[in-house]
Protein chains: 4
Amino acid sequence: MVMNKNYKYPDTAAYDYVVRELEAKGVQLHNIAEITYGLQHKFLPDATLADYEQEVVNVMHKRELLNNAMVGLQLDKLATKGLLDEPLQSIVANDAGVFGVDETLASGIATLWGSIGITNYGYVDRTKPNIIGQLDNSGDKINTFIDDIVGAIAAAVAGKMAHKYA
Amino acid sequence: MVMNKNYKYPDTAAYDYVVRELEAKGVQLHNIAEITYGLQHKFLPDATLADYEQEVVNVMHKRELLNNAMVGLQLDKLATKGLLDEPLQSIVANDAGVFGVDETLASGIATLWGSIGITNYGYVDRTKPNIIGQLDNSGDKINTFIDDIVGAIAAAVAGKMAHKYA
Amino acid sequence: MVMNKNYKYPDTAAYDYVVRELEAKGVQLHNIAEITYGLQHKFLPDATLADYEQEVVNVMHKRELLNNAMVGLQLDKLATKGLLDEPLQSIVANDAGVFGVDETLASGIATLWGSIGITNYGYVDRTKPNIIGQLDNSGDKINTFIDDIVGAIAAAVAGKMAHKYA
Amino acid sequence: MVMNKNYKYPDTAAYDYVVRELEAKGVQLHNIAEITYGLQHKFLPDATLADYEQEVVNVMHKRELLNNAMVGLQLDKLATKGLLDEPLQSIVANDAGVFGVDETLASGIATLWGSIGITNYGYVDRTKPNIIGQLDNSGDKINTFIDDIVGAIAAAVAGKMAHKYA
């Protein structure tokens, strides 16, 4: 990695891309807030769903989140079009259990407010609440990365709210 | 970190220490195998509980696992005796939600066979099956790290078995 | 991530893909061995360059390494062809300093034999010895991921050899 | 980990502890700023040493940094007094090359502003500039964790400044 001093990171374009690609798969930001609400409500009974929605928007402006999310969403999209080289194409298309790059990118998102995000990400990745459950079973489209990304964003928001109220 | 060329890593002593400290808290290796069995049985219907027990023993000989486990178990033990400096003593004793070092050490264990271990660790850390649930509620002893360590070992074994049968 | 029980991970095809793509950019496995030799020779004076070359081949059969390497090499290749969506295309093409996904994938490789791999990876990423220095300055081709991947493989081999001789 | 709702995280006490323990080993915050300045000056020629010093203070108020630093500094201190159980005592006292918990805690600090922090941490851990070089050779005191912690804080500051100026 060489730091290119003259390149300005496109914050707005990156945020818009991630929001647009999530929406194209039926994921609205309030769907992510609902997942975090489900995770944290018993710990933070005073926080409203609107508080969670605001934090989802805030958290989604972090570059590290946007970078990991863009890569994951791009790979799902390319795999859906059959544009990845083999054997990566078939590994992603089959959501191979020992692939792990989806979990790696998701962990980078989930831990943005500390390693406490890891357990919430792991939990929703297995239990697939709300919109995550729908993504995982969505027929012809390849959704290998997006379910992990959505769960990780929800976990990052949970981490941030835990810190805020600690 | 300076690599001390003349110091031989004490593999046997480290393994014995971790097994002994886990047993002192009521955790037998077969209890860990039971957690992994619960996680993986639906994916690997042919693997027996004895297969899982053998893999727990194998996995627990990895130095990276032993190093993280020794540190976590040591910190629980020192905190139980009140021997940590403040405010670390009270942070560990209260299992502060925003501490995160327990999750950091556990993640180092859970991912020994790939990042796929992260989700299983996160899941058992929240659902607290079998022996993990007992650790978390054990009264006067401080068990801030041990529940994460046990869950992470179970997750590492799940990762290894997933690779073996992939 | 859903574990697809019927999909067999394509170990041979994945290994062949990574070796072929590295060679297409002028990276032979012995070039990676030379980097590790440079890192470890003072700690392990008895290990020969041939020992390192053998370990590079061994290490490169690990699926976690292959998965991260395939994704990184694929992204460099797609970016070279201009096939990524904006703004990811320009972020990768400019090797933006705050991107970080290259470091994330590389860390997943570097730590395959423990977190001790992180420091060797970081060191060669900055000092760019041997083939890494040539990759970083290679004109029209986009090499945002490959230099990190090569450095991380060299660091993973260093970690494995450190354990072997510990 | 159970989130204890009634325990308030002791932010001020944690910050004061880390600053005090670093100073007890001869590390002032401006020494950390000097390391980051050395890393980043060529990329950010307009930032002054005073800018770096201000960011060190800011960064050191992050709980995740304080938590990892407290644990590492505590372990060095206990090992210096011979208060760790065997074989952990001798592993830490000898700074065993395959231990890795020092790198794990340091990575948790270095990546607080993104995975780009990993390479700077790795680089200073090997090259040992400024105060880090003095820590590593300090005779009778055990400094297994502190050099990694200092290097990781410097790397985290570098990551934050890279984002600020990106």
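The rules we used
Residues numbered from 1 in each chain as written. Chains lettered and ligands numbered in written order. Predicted model: local features only at pLDDT ≥ 70, side-chain atom pairs only at ≥ 80, totals over all residues. Helix = DSSP H or I, 4+ residues; strand = E, 2+ residues; numbered from the N terminus. Rg over C-alpha atoms; globule rule 2.2 N^0.38 Å. Buried ≥ 20, exposed ≤ 12 C-beta atoms within 10 Å, placed from the backbone. Least-squares fit on C-alpha atoms with pLDDT ≥ 70 in both. Contact = placed C-beta atoms within 7 Å. Core = buried A, V, L, I, M, F, W, Y, C linked by C-beta atoms within 7 Å. Nonpolar A, V, L, I, M, F, W, Y, C, P; charged D, E, K, R; others polar. Arc of directions from axis to C-beta. pLDDT = per-residue confidence, 0-100. Expected span 1.5 Å × (residues − 1). Axes fitted to C-alpha atoms, helices over the stretch in contact; angles between N-to-C directions. Parallel < 35°, antiparallel > 145°, perpendicular 65-115°, else oblique.

When helices and strands are counted, chain A shows nine helices and zero strands. Counting from the amino terminus, chain A carries its helices and strands in the arrangement α-α-α-α-α-α-α-α-α. In terms of overall dimensions, chain A is globule-like: its C-alpha atoms have a radius of gyration of 16 Å, near the 15 Å expected for 166 residues. Buried positions account for 60% of the 166 residues belonging to chain A.

Overlay of chain B on chain D (RMSD 0.0 Å): rotation 180 degrees, translation along the axis 0.0 Å. Here the copies are linked by what is in effect a two-fold axis. Mapped onto chain D, 100% of the interface residues of chain B again fall at the interface, so both copies present the same surface.

Within soluble globular proteins, side chains that are nonpolar tend to cluster in buried spots. Judged by nonpolar contacts, the single largest core of 248 residues is most densely connected at Ile153 of chain A, Ile153 of chain B, Ile153 of chain C together with Ile153 of chain D. For isoleucine 153 of chain C, the contacting residues outside a window of four places in its chain are Ile32, Val56, Val59, Met60, Leu65 and Ile109 of chain C.

Our focus in this paragraph is the interface of chain B and chain D. Accessible area lost on assembly of the parts is the figure often given for the size of an interface. At the interface, 39 residues of chain B touch 39 residues of chain D. Put simply, the parts of the chain that give the side of chain B that touches chain D at least two residues each are helix H1 (11-24), helix H4 (63-80), helix H5 (88-93) and helix H6 (101-110) of chain B. If one sorts the elements of the side of chain B that touches chain D by residue count, H4 of chain B sits on top with seven residues. A per-class count over the side of chain B that touches chain D returns 19 nonpolar, ten polar and ten charged.

For the rest of this paragraph, the subject is helix H3 (residues 49-59) of chain B. Residues and elements named next belong to chain B. If you check which residues of H3 are buried, you get Tyr52, Glu55, Val56 and Val59. One side of H3 holds all its buried residues, which, seen down the axis, span an arc of 105 degrees. Counted as exposed and oriented over 90 degrees from the buried face of H3: Ala50 and Asn58.

Trans peptide bonds make up most of the peptide bonds, and negative phi angles are found at most residues other than glycine. Of note, the amide linkage connecting glutamate 86 of chain A to proline 87 of chain A takes the cis form, showing an omega dihedral of 10 degrees. Considering the arrangement of structural elements, one finds proline 87 of chain A in the loop between helix H4 (63-80) and helix H5 (88-93). Even without being glycine, asparagine 130 of chain C reaches a positive phi, approximately 50 degrees. Within the element layout of this structure, asparagine 130 of chain C appears in helix H8 (residues 130-136). Although it is not a glycine, aspartate 95 of chain D adopts a positive phi angle of roughly 50 degrees. You can see aspartate 95 of chain D is positioned in the loop between helix H5 (88-93) and helix H6 (101-110). The class for aspartate 95 of chain D is buried, based on 20 C-beta atoms found within 10 Å.

With 95% of its residues at a pLDDT of at least 70, chain A reaches an overall mean of 93. Between the elements of chain A, mean pLDDT differs from a low of 90, seen in helix H8 (residues 130-136) of chain A, to a high of 98, seen in helix H1 (residues 11-24) of chain A.

Quick look at the environment of tyrosine 9 of chain C now. Locating tyrosine 9 of chain C in the fold gives a position in the segment before helix H1 (11-24). Separated by 54 residues in the primary sequence, tyrosine 9 of chain C and arginine 63 of chain C have C-alpha atoms spaced 8.8 Å apart. When near neighbours in sequence (up to four residues on either side) are disregarded, tyrosine 9 of chain C contacts Ala96 and Val98 of chain A, Ala166 of chain B together with Arg63 of chain C.

What follows concerns helix H2 (residues 29-40) of chain C. Turn by turn, an α-helix covers 3.6 residues, leaving residues three or four places apart pointing in a common direction. Taking 1.5 Å of rise per residue, the twelve residues of H2 of chain C would be expected to cover 16 Å, and the 17 Å separating its terminal C-alpha atoms lies within 8% of that figure. Asn31, Ile32, Ala33, Ile35, Thr36, Tyr37, Leu39 and Gln40 of chain C are the residues of H2 of chain C that are buried.

What follows covers the environment of glutamate 55 of chain C. Residues and elements named next belong to chain C. Examined against the element boundaries, glutamate 55 turns out to sit in helix H3 (residues 49-59). On the neighbour-count criterion, glutamate 55 (20 C-beta atoms within 10 Å) is buried. A C-alpha to C-alpha distance of 9.1 Å links glutamate 55 and alanine 158, two positions 103 residues apart in sequence. If we skip the residues at most four places from it in the chain, glutamate 55 touches Val157, Lys160 and Met161.

Before going further, it helps to examine the packing of helix H3 (residues 49-59) of chain A against helix H9 (residues 146-165) of chain A. In helix packing, the relevant descriptors are the interaxial angle and the interaxial distance, both defined with respect to the helix axes. All names here are of chain A. Where H3 contacts H9, the axes come no closer than 10 Å and their chain directions differ by 110 degrees. Taken as axis vectors, H3 and H9 run roughly perpendicular relative to one another. Contacts between H3 and H9 involve Tyr52, Glu55, Val56 and Val59 from the former and Ile153, Ala156, Val157, Lys160 and Met161 from the latter. In the contact of H3 with H9, the residues fall into seven nonpolar, no polar and two charged.

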